[in-house]
Amino acid sequence: MNDQPKIHAAPAVQPPFAEPGVPQIRNINWAGTWALYAKEVRRFMKVQLQTVWAPAITTLMFLIIFIVALGGSGRTVALRGEAVPFADFIAPGLIIMGMINACFANASFALMVGKVQGTLVDYLMPPIAVGELLFALVASSVTRAVFVGFALWGAMALWPGVHVTPAHLWAVLWFGLLGTSFIAFLGVLTSIWAEKFDHGAAITNFVISPLALLSGTFYSIDRLPPLFQAISHANPFFYIISGFRYGFVAAADVNVLAASSVLLGLNLVLGGLCYTLLRRGWKIKA
């Protein structure tokens, strides 16, 4: 009889790191994407008086000025043969215009400030893929736009003589998402290209603001000469504002399906361009 004690082999200890060439994070890094998204949201929420409430109040001033100056005596605007009260016509355009400005400001800030302050490595070192980085930046910018939009909508809903009850909620959500996503991609593209704050300010002053103001926010393009109507149809902001306005007043300057197709195509093009530039590291990696 063998009286020798049995020796049990110690369980194999798993190495704390994966073998070289074997990825530890497979598919989508949800934790890393959420962490970057939350970081970007906390960044603008820490100064929400400047990033959310200030643009909302500034845009609300436009509503007050235009209603007082032009909205009296029962003035209406003709949209595809339908008479829409001027206050109800201008309110949705101002809401989405405020969302556009806030969305672009947020998206064009992240990578650009990293270049200026030398903290760009904080975006490049974490183990997240290019698509996850782009998604977090775009989603946080859309979130800021939604906050500004709700602030404006709440203020306008309490304003006497202004009706902002959605007629087609799906159109408000759909065109709000497509419009702000397009602007967020445009902001990320600007952030990739810009090397200092002057570059971002130049795009805001000479591209974003003119396109937003000349997109039919304050007027119907049916009253413009044919040449300027054609120019308006070449402005992507026109489709954002027309589709978003349709969600509130059930009338628009353009076919809603065509506007949706244009914006969807622009989102795919700009999203693919941003992804390609980020992956190549253009103006980001040495």
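Before going into details, it helps to say that this report is about the structure given with it. All values reported here derive from a predicted model rather than from experimental measurement. (Residues numbered from 1 in each chain as written. Predicted model: local features only at pLDDT ≥ 70, side-chain atom pairs only at ≥ 80, totals over all residues. Heavy atoms only, no water.)

1. Some words on the side chain of Asn235
Within the secondary structure, Asn235 sits in the loop between α9 (226-233) and α10 (236-249). Of note is the side chain of Asn235, whose polar atom sits 3.0 Å from the backbone nitrogen of Phe237. Setting aside anything within four residues of it in sequence, one finds Asn235 in contact with Leu211, Leu214 and Ser215. (Helix = DSSP H or I, 4+ residues; strand = E, 2+ residues; numbered from the N terminus. Polar contact = N/O pair within 3.5 Å; in protein donor to acceptor, adjacent residues only side chain to side chain. Contact = heavy atoms within 4.5 Å.)

2. Let's talk about the nonpolar core
By size, the foremost hydrophobic cluster in this structure holds 83 residues, and its most contacted members are Leu63 and Met156. Every residue in contact with Leu63, bar those within four places of it in the chain, is listed here: Ile90, Ala91, Leu94, Met156 and Val162. (Core = buried A, V, L, I, M, F, W, Y, C linked by side-chain atoms within 4.5 Å. Buried < 20%, exposed > 50% of the residue type's maximum accessible area, 1.4 Å probe, protein only.)

3. Section: the pairing of strand β2 (residues 82-85)
One ladder, built from four bridges, connects strand β1 (residues 76-79) with β2; its direction is antiparallel. By the bridge assignment for β2, Ala78 is matched with Ala83. Turn length for the β1-β2 hairpin, with the two strands adjacent in sequence and antiparallel, is two residues, and the turn residue Arg80 shows positive phi of about 55°. (Pairing = 2+ DSSP bridges.)

4. Description of unusual backbone geometry
Positive phi outside glycine occurs at Ala250, with the angle close to 60°. Taking relative accessible area as the criterion, Ala250 reaches 30% and is therefore assigned partly exposed. Here Lys283, not a glycine, exhibits a phi torsion of approximately 60°, which is positive. Mapped onto the elements of the fold, Lys283 is located in the segment after α11 (256-280).

5. Let's talk about a nonpolar patch on the surface
Residues Leu49, Trp53, Ile57, Met61 and Ile65 make up a contiguous nonpolar surface patch of roughly 540 Å² in combined accessible area. If you trace the backbone, Ile65 turns up in helix α2 (residues 48-70). On the basis of relative accessibility, which here comes to 54%, the residue Ile65 falls in the exposed class. (Patch = residues over 30% accessible without salt bridge, like charges linked within 9 Å, V, L, I, M, F, W, Y side chains within 5 Å. Areas by Shrake-Rupley, 256 points an atom, 1.4 Å probe, with all protein chains shown as cover. Salt bridge = Lys/Arg side-chain N within 4 Å of Asp/Glu carboxyl O.)

6. So, helix α8 (residues 197-213)
Taking 1.5 Å of rise per residue, 17 residues should cover 24 Å, and α8 covers 23 Å from first to last C-alpha, within 8% of that figure. Approximately 35° is the largest bend angle found in α8, and it occurs at Thr204. Along α8, the residues that are buried comprise Gly200, Ile203, Ile208 and Ala212. On its buried face, α8 sits against α3 (86-107), α4 (110-117), α7 (169-193) and α10. (Expected span 1.5 Å × (residues − 1). Bend = angle between axes of the 7 residues up to and from the residue.)

7. Thoughts on the packing of α4 against α7
Each pair of packed helices gets described by two things: the angle between the helix axes and the distance between those axes. Interhelical geometry of α4 versus α7 gives an angle of 15° and a closest axis separation of 7 Å. Accordingly, the angle class assigned to the pair α4 and α7 is roughly parallel. The element α4 and its partner α7 pack so that their crossing is left-handed. Contact residues: α4 offers Ala110, Leu111, Met112 and Lys115, while α7 offers Ser191, Ile192 and Trp193. Among the residues forming the contact of α4 with α7, the class breakdown is five nonpolar, one polar and one charged. (Axes fitted to C-alpha atoms, helices over the stretch in contact; angles between N-to-C directions. Parallel < 35°, antiparallel > 145°, perpendicular 65-115°, else oblique. Left-handed = near helix turned anticlockwise from the far one by under 90°. Nonpolar A, V, L, I, M, F, W, Y, C, P; charged D, E, K, R; others polar.)

8. Some words on the packing of α7 against α10
Between α7 and α10, the least distance of the axes is 7 Å, while the angle of their chain directions is 160°. As summarised for this structure, α7 and α10 are arranged roughly antiparallel, according to the angle between their axes. Between α7 and α10 lies a crossing of left-handed hand. Here Trp170, Ala171, Val172, Phe175, Gly176, Gly179, Phe182 and Ile183 of α7 lie close against α10, whose contacting residues are Pro236, Phe237, Tyr239, Ile240, Gly243, Phe244, Tyr246, Gly247 and Phe248. In the contact of α7 with α10, the residues fall into 13 nonpolar, four polar and no charged.

That's the geometry; what it means functionally is another story.
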